[in-house]
Protein chains: 2
Amino acid sequence: MKTEEKILAKALEMFNERGVEYVGLRELAGILGMRVSNITYYFPTKDDLVNRLSIQLYDLNSSILVVKEDLSIEQFLEMMEQVFWNQLKYRCLVVSFVHLIGQNKLIAARYGDTQTKRNTVIRSNLEVLARNGHIRIKNETELEFLTSTIALVARFWISEAAVTWQHLSAGQQINHYIKSIETLLRLYGVESAK
Amino acid sequence: MKTEEKILAKALEMFNERGVEYVGLRELAGILGMRVSNITYYFPTKDDLVNRLSIQLYDLNSSILVVKEDLSIEQFLEMMEQVFWNQLKYRCLVVSFVHLIGQNKLIAARYGDTQTKRNTVIRSNLEVLARNGHIRIKNETELEFLTSTIALVARFWISEAAVTWQHLSAGQQINHYIKSIETLLRLYGVESAK
DNA sequence: CATACTTTTGGACATTGTCCAAATTTTTAT
DNA sequence: ATAAAAATTTGGACAATGTCCAAAAGTATG
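Please read these numbers as outputs of a predicted model, since none were measured by experiment. (Residues numbered from 1 in each chain as written. Chains lettered and ligands numbered in written order. Predicted model: local features only at pLDDT ≥ 70, side-chain atom pairs only at ≥ 80, totals over all residues. Heavy atoms only, no water.)

> Now, about the protein's contact with DNA strand C: what can you tell me, with residues and values included?
Residues in contact with DNA strand C amount to 17 residues; listed here are only the nearest, Ser37 and Tyr41 of chain A together with Leu25, Arg26 and Lys46 of chain B. Counting only the atoms of DNA strand C that lie within 4 Å of the protein, the sugar and phosphate share comes to 49%. Here asparagine 38 of chain A contributes a side-chain N or O atom positioned 3.0 Å from a phosphate oxygen of DNA strand C. Tyrosine 42 of chain A places a side-chain nitrogen or oxygen 2.9 Å from a phosphate oxygen of DNA strand C. Going through the elements one at a time, α3 (36-42) of chain A together with α2 (25-32) and α3 (36-42) of chain B are the ones with two or more residues in the surface near DNA strand C. It is α3 of chain A that contributes the most residues to the surface near DNA strand C, 4 residues altogether. Looking at the surface near DNA strand C, its residues break down into 6 nonpolar, 7 polar and 4 charged. (Near = heavy atom within 4 Å. Polar contact = N/O pair within 3.5 Å; in protein donor to acceptor, adjacent residues only side chain to side chain. Helix = DSSP H or I, 4+ residues; strand = E, 2+ residues; numbered from the N terminus. Nonpolar A, V, L, I, M, F, W, Y, C, P; charged D, E, K, R; others polar.)

> Requested: an account of the relation of the copies chain A and chain B, with residues and values cited.
The transform that puts chain A on chain B rotates by 180° and translates by 0.0 Å along the axis, for an RMSD of 0.0 Å. Read as a symmetry element, the transformation amounts to a two-fold axis. Residues of chain A ranked by C-alpha distance from the rotation axis are headed by phenylalanine 156 of chain A, positioned 3.5 Å from it. A share of 100% of the interface residues of chain A reappears at the interface of chain B, consistent with the copies meeting face to face through the same patch. (Least-squares fit on C-alpha atoms with pLDDT ≥ 70 in both. Contact = heavy atoms within 4.5 Å.)

> Mind laying out helix α9 (residues 170-187) of chain A, listing which residues take part and the relevant values?
For α9 of chain A, spanning 18 residues, the distance from its first C-alpha to its last is 26 Å, which sits close to the expected 26 Å at 1.5 Å a residue. Among the residues of α9 of chain A, Gln173, Ile174, Tyr177, Ile178, Ser180, Ile181, Glu182, Leu184 and Leu185 of chain A are the ones counted as buried. (Expected span 1.5 Å × (residues − 1). Buried < 20%, exposed > 50% of the residue type's maximum accessible area, 1.4 Å probe, protein only.)

> Residues and numbers for the interface of chain A and chain B, please.
Contacts between chain A and chain B engage 26 residues on the former and 26 residues on the latter. Between chain A and chain B the total buried area reaches about 2,700 Å² when both faces are included, carbon and sulfur atoms providing 70% of it. Counting the contacts that link chain A with chain B gives 2 salt bridges. The closest approach of N and O atoms between arginine 155 of chain A and glutamate 160 of chain B, which form a salt bridge, is 2.6 Å. At the surface where chain A touches chain B, the tally comes to 9 residue pairs in polar contact (both at pLDDT 80 or more). Among the elements of the structure, α6 (91-103), α7 (105-131), α8 (140-164) and α9 of chain A are those that each provide at least two residues to the side of chain A that touches chain B. Ranked by the residues each element gives to the side of chain A that touches chain B, the list is headed by α8 of chain A, at 11 residues. Of the residues assigned to the side of chain A that touches chain B, the class counts are 13 nonpolar, 10 polar and 3 charged. (Buried area = accessible area lost by both parts, 1.4 Å probe. Salt bridge = Lys/Arg side-chain N within 4 Å of Asp/Glu carboxyl O.)

Treat this as a map of the structure, not an account of what it does.
The following block contains the structure:
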């Protein structure tokens, strides 16, 4: 494992445990058995380090978030669940995004992308679900409401979970929020029985 | 205006503009025409300062969040709107709560309170709305879903707005999210016109 | 083997929050 | 009014942080 990868891996681990801003570069370097300036050789600023982690998350989720014709509600929920697990892997970032964006231009740009993309994918998939008769959407307003509510949950479930559901396992937390999205979808669902 | 109040007021102003962690005590002191150690006389640590601001917000919202018999949907939404305006006044805190809780025990405790209280009040008021026939709630699951979804919006709308809706005015932003909650409620609404 | 490139190091820098003893101002009691 | 006490303000120090740079060490290439 190359030095750069070792730094990224350990940084992610420590950032997830204690938060990006509470892990010092000297501590990280110490645990890795190197000097601070060795880290700054690969990542001139801490932001660069964080940025690289955020690229990893972006790439992970990009491959998952796709628009699929003949999508079922179950498949849509599975897609969201995969995204949720990735967010959990990089929770230090997800929890901090609002801050990071204020300071880190690179992250801000990519996050804008992520967000637009996520909204578009959710929206398009909801349209698919509607077209195929899995849900009934009357007008643009309803579509917009569903999209943005699901997007809000997808963006902030992990922050709420960190505060409210610490006692639950990661799997239980994810399950809870996926269920929430499902409940919301079922409100627009087409009753199959009669 | 006493020194302590001047510090609190200017700190809130600057924290709101640039974020709690990006405003240094020396800069704050400089603008107030005093030395850093004068701030630490009133607030031994920065956390103490932030904590006091968080008490102010807590108090503001405590007086608004009440359970009211014979509540209408409109009144419920007005209540939420008032809370939203208070959150805006202290947005530096609302945006940072997830972080602050990790480092500041005092804030963590009070935030736990805030959250429990808000959930309880929302839930109780929804029960009132249901009892009075403004909305139809079939079972505990539905009530729980409605409560937690509204609570999620109430907690994170401002973070999302900071990223997604910067171009909108504060009033428009609040309006957007209040509308969201209304749409959600109307899904459980009782159609008045046969 | 010598040269060039990459990687690692140690030490410096300004800035941060925190702390404390001394100086100053304000309040209180005589 | 004045002396004693208390509250406030100050300047300077501290350790820790992210950032930076010149030199050393290591590795690869001709």
